[in-house]
Structures are given as structure tokens and as C-alpha cells.
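# Residue-level structural notes
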Amino acid sequence: MRLPDIVLHEPETIAEACDLLNEYCPRARVLAGGTDILVDLKQGRITGVERLVSLKRISGLDSIDETGDAIRIGALVTLNQASRDRNIVKYFPALIDALESMAAYPVRNIATVAGNIAGAVPSSDLAPFFIVAGGEAVLSSGDGERSVRIEDYFLGPRQTVCGECEIMTHLVLPKPGPATGMSYHKFMLREANALAVAGVGAMLALKVGPADTILESRVALTAVAPKPVIARDAAARLEGKSPSPEAFEEAGRIARCEAKPITDIRGTDEYRANLVEVLTVRALNDALERARSGGA
Ligand SMILES: Cc1cc2nc3c(=O)[nH]c(=O)nc-3n(C[C@H](O)[C@H](O)[C@H](O)COP(=O)(O)OP(=O)(O)OC[C@H]3O[C@@H](n4cnc5c(N)ncnc54)[C@H](O)[C@@H]3O)c2cc1C
């Protein structure tokens, strides 16, 4: 396996990068950390790519910033950088659950958060979190930008609504409201460097009182369909109810039916369906604990 001959471009502005993509598309791709795309090119999973447009020299993409009621994560922010960031630690412990379950430390030093969403592999560990957190991607075409909700971002395996000449410059996460908790649970076959056999993200927003009521709920699944699954029926069944083991078990059974798993080297469809049921209950329990202990 050899990397094919490729021309590397290192533009210094988003506009320049978009011009290059425009000029050479569909034979040019964006390069962030390269932990996905370079492997895909070497293994021939992607063909016909002659140029890579690196984001590395573009300033302003490597920081995590607090902007009023949201946190913005730049396209060059790595997994390890995000998991150490004080705003992520404060507002999004569920993102840290997901980040620390991924790859191994050296890969996490290179791989970017945005690259995981942009790459849209069916086992993305960050997709469920960004969906339940209500995250958005900011896509720039050089002369304008648009925001897309992550729940609307994925079309299929490695297919997204991001145009061939667009660049995801930031991911935006709204700060969670009061008494809101999130979590991510993943099952993998090894402790490190293992993709999810199944993964579940959950969010619960509570009305706190003598008996808690679930005001809003979201559940999202990974590695159990060609693209992340939003388990809308499971989440809807919880809203207006008091959180209880019975309610969470029912949501788990519904989420299981919303998954569309396949059998592959990591597990059978039946095994994955079982995992969805179990992981949904665990993710909801953790989200509840976080919601009750002050949020996120
Ligand atoms: C050993 C190993 C273990 C791994 N383990 C996991 C794991 O446990 N869980 C998991 O989910 N993933 C895992 N991965 C996959 C990968 O590391 C992650 O998906 C990573 O976050 C991708 O980020 P990157 O910066 O390396 O993306 P790149 O490889 O640079 O890009 C990925 C894709 O997204 C596009 N892209 C990247 N950034 C942008 C942008 N800003 N705008 C538009 N398009 C863009 C690229 O063109 C490419 O198609 C693993 C990979 C390896 C090699």
C-alpha cells in the first residue's frame, strides 16, 4: 500500500483554499489531521484524488472560543486539545466521554474534531454527541458561509451536505440550559484504537421539582446504520415522563428498533441491536445523573 502521487497545497486563507477546491474539484480534497483521508488514499478506498488542500496554515482555525451562549470549535482543533479545553470540561463532559474513547493518544494529537464530523464514517464517535447537543457546522464557500445542524449534515457513508468546494470552518455548540445532562456510551472490542461496535449519545433536560419531569430528550446512535441514527421515537417516548428505570428500558427497546445494523467483522446485526438497547439505558442514566447534579 503506497500513497498515490498527490500535490499538496497549503493556502493561508479560507478564500484561497476554496478557490483551490473550486479549481480542482472533484480531484481535490480538504486535508486536516489526515488520520482518515491518508489511510483511505493509501488503501484505495478513495480514488481519483490528485490534490490535497491543507488547512494547517490558515490562522484562526485552531482555537476553541466562547461566544456568548455558544462554544465554537475551529476546524484544526485536535481531539486531545478539545478534551483539555476548560470550556469543554465545564459545559460538555459528554464530549470528553466520546473523545477519550477514540483511537489512542498519539492519533488524538493529530486527528481533528471537525475532521471526524466532516469525514462522515458510519462509526463516527462524535456524531451522536454533536446531534444530541444541538451542534451546528459552519460551512464556508470562500465568499459566504452557512450553518447546518449536525442532525441534518449526514447523507450516507462518507456523504454529507458539505459541497465539494466548501470548508467546515467551525463547529458550534450551544451552551446547555439548566438541569440538562448529556452522555456518550460506546462499546468496542479493545481498550484503544478500536472503532465502535455501537455507540449511543443521550441528552435529557429536566424540569426540576419534587418529582423531576423530562422536558426534552434526544438519543442518537452510531455504527448501527449507514449514517448516524436519530432515535426520535425513543426520545419522544420519554418527554413529559418522570425519569425511571422502566421509562429508560422502554426507550432502549424503541431505540433498538430504530437502529438498522449490519453484520460485519466487529459484530452481528443482532449483537449490535442488543448493544443499542443496553447502551441507551446506560447513556440515559448518565445523562440523568449529570442533569441532576447541575447540568451537562
Ligand atoms: C488508528 C486510528 C484509530 C481511529 N479510531 C477512531 C475512533 O475510535 N473513533 C472514530 O470516530 N474515528 C476514529 N478514527 C478515524 C479518525 O481518526 C477520526 O475520524 C478523525 O477525527 C478524523 O480527523 P482528521 O483531522 O484526521 O481528518 P482528515 O483525515 O484530515 O479528513 C477526514 C475527511 O474529512 C474531510 N475534512 C476534514 N476536515 C474538513 C473540513 N474542515 N472541512 C471539510 N472537509 C473536511 C477530508 O477531506 C476527509 O474527507 C481512527 C483513525 C485511526 C487512524
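Scroll up to find the structure this text is about.
None of these values were measured; they are calculated from a predicted model. (Residues numbered from 1 in each chain as written. Predicted model: local features only at pLDDT ≥ 70, side-chain atom pairs only at ≥ 80, totals over all residues. Heavy atoms only, no water.)

## Re the sheet that holds strand 13 (residues 213-222)
The sheet built from 4 strands is open, its strands ordered 11-12-13-14 with antiparallel pairing. With partners counted over all chains shown, the strands left at the sheet margins are strand 11 (180-187) and strand 14 (229-230), one partner each. The pairing of strand 11 with strand 12 (residues 198-207) spans 8 bridges and is classified as antiparallel. Pairing of Phe-187 across the sheet is with Ala-198, part of strand 12. (Pairing = 2+ DSSP bridges. Helix = DSSP H or I, 4+ residues; strand = E, 2+ residues; numbered from the N terminus.)

## What about the pairing of strand 3 (residues 51-54)?
Looking along a regular strand, one sees the side chains alternate between the two faces of the sheet. Across 3 bridges, strand 1 (residues 7-9) lies against strand 3 in parallel orientation. Opposite Leu-8, over in strand 3, you have Leu-52 as the bridge partner. Two strands pair when backbone bridges link them, and strand 2 (residues 28-31) and strand 3 are joined in this way by 4 bridges, in the parallel orientation. Along strand 3, the bridge assignment pairs Arg-29 with Leu-52.

## Here's the deal with the environment of Ile-96
Secondary-structure assignment places Ile-96 in helix 5 (residues 93-100). Taking the C-alpha atoms as reference, Ile-96 lies 7.8 Å from Ala-82; in sequence the two are 14 residues apart. The residues touching Ile-96, leaving out its near neighbours within four places in the chain, are Ser-83, Ile-88 and Val-89. (Contact = heavy atoms within 4.5 Å.)

## Quick notes on the site of the ligand
By nearness alone, 27 residues border the ligand, and Val-30, Gly-33, Thr-35, Thr-112 and Asp-125 come closest of all. At a separation of 2.8 Å, an oxygen atom of the ligand approaches a polar backbone atom of Gly-34. Backbone polar atom of Gly-119 to an oxygen atom of the ligand: 3.4 Å apart, as the coordinates give it. Notes on the ligand: free accessible area 990 Å², of which the protein chains cover 88%. With 4 residues, the top contributor of residues to the shell around the ligand is helix 7 (residues 113-119). (Near = heavy atom within 4 Å. Polar contact = N/O pair within 3.5 Å; in protein donor to acceptor, adjacent residues only side chain to side chain. Areas by Shrake-Rupley, 256 points an atom, 1.4 Å probe, with all protein chains shown as cover.)

## Some remarks on the pairing of strand 5 (residues 70-74)
Taking burial as the measure, the 5 residues of strand 5 include 4 buried ones, the bulk of the element. As paired strands, strand 4 (residues 64-67) and strand 5 are joined by 4 bridges and run antiparallel to one another. Bridge pairing in strand 5 links Asp-65 to Arg-72. The turn joining strand 4 and strand 5, which pair antiparallel and follow one another in sequence, is formed by 2 residues; a positive phi near 65° is taken by Gly-68. When strand 5 meets strand 10 (residues 167-174), the two strands line up antiparallel, connected through 5 bridges. Across the sheet, residue Ala-70 finds its bridge partner in strand 10, namely Pro-174. (Buried < 20%, exposed > 50% of the residue type's maximum accessible area, 1.4 Å probe, protein only.)

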